[in-house]
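Structure assessment
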Amino acid sequence: MSNKIENLVKMANDISNFFNAESDKALAAEGVKKHILRAWEPRMRNAIIEYSQKDGSGLNPLATEAIKLLAIG
């Protein structure tokens, strides 16, 4: 995993850890997705989507779900 991807994975996991306090995990995943849409530039979003689809092993379950939502729009 490249350094760039490692940083994106860490950031996605950190964001999802914050939203994980939400008991409704669908709502939490939507919150992570919205945060990434607002805060990340398109190249970052595209890179994490690509990583998630090819491997994704470094992402926690909530981050994985949020990135799936991000990929479908």
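For the structure, see preceding data.
This write-up is about the structure you can find in this document. Everything numeric in this text was worked out from a predicted model, so none of it was measured.

1. Some words on the nonpolar core
A general feature of soluble globular proteins is that nonpolar side chains tend to end up buried together. Ranked by internal contacts, the top residues of the largest apolar core, which has 20 residues, are Trp40, Ile48 and Leu59. Among the secondary structure elements, those contributing two or more residues to this core are α1 (3-19), α2 (25-39), α3 (42-54) and α4 (61-72).

2. With respect to the pattern of salt bridges
Inspection of every chain in the model, using the stated rule, returns 4 salt bridges. Residue lysine 10 pairs with aspartate 14 through a salt bridge whose shortest N-O separation is 2.8 Å. A residue pair is termed a helical-turn pair when its members lie 3 or 4 positions apart in one helix, as lysine 10 and aspartate 14 do in helix α1 at 4 residues. Taking the shortest distance from any N to any O, the salt bridge between glutamate 30 and lysine 33 comes out at 3.7 Å. Here the residue glutamate 30 and the residue lysine 33 both occupy positions in helix α2, the gap between them amounting to 3 residues, near one helical turn. We classify glutamate 30 as partly exposed; its relative accessible area is 26%.

3. Things to note about α1
Here α1 spans 25 Å end to end across 17 residues, near enough to the 24 Å set by a 1.5 Å rise per residue. Those residues of α1 that fall on the buried side of the exposure criterion are Ile5, Leu8, Val9, Ala12, Asn13, Ile15 and Ser16. Burial along α1 is one-sided: seen end-on, the buried residues are contained in an arc of 160°. The exposed set on the far side of α1, more than 90 degrees from its buried face, consists of Asn3, Lys10 and Phe18. Considering only its buried residues, α1 is in contact with α2, α3 and α4.

Rules used in this analysis
- Residues numbered from 1 in each chain as written.
- Predicted model: local features only at pLDDT ≥ 70, side-chain atom pairs only at ≥ 80, totals over all residues.
- Heavy atoms only, no water.
- Core = buried A, V, L, I, M, F, W, Y, C linked by side-chain atoms within 4.5 Å.
- Buried < 20%, exposed > 50% of the residue type's maximum accessible area, 1.4 Å probe, protein only.
- Helix = DSSP H or I, 4+ residues; strand = E, 2+ residues; numbered from the N terminus.
- Salt bridge = Lys/Arg side-chain N within 4 Å of Asp/Glu carboxyl O.
- Expected span 1.5 Å × (residues − 1).
- Arc of directions from axis to C-beta.
- Contact = heavy atoms within 4.5 Å.

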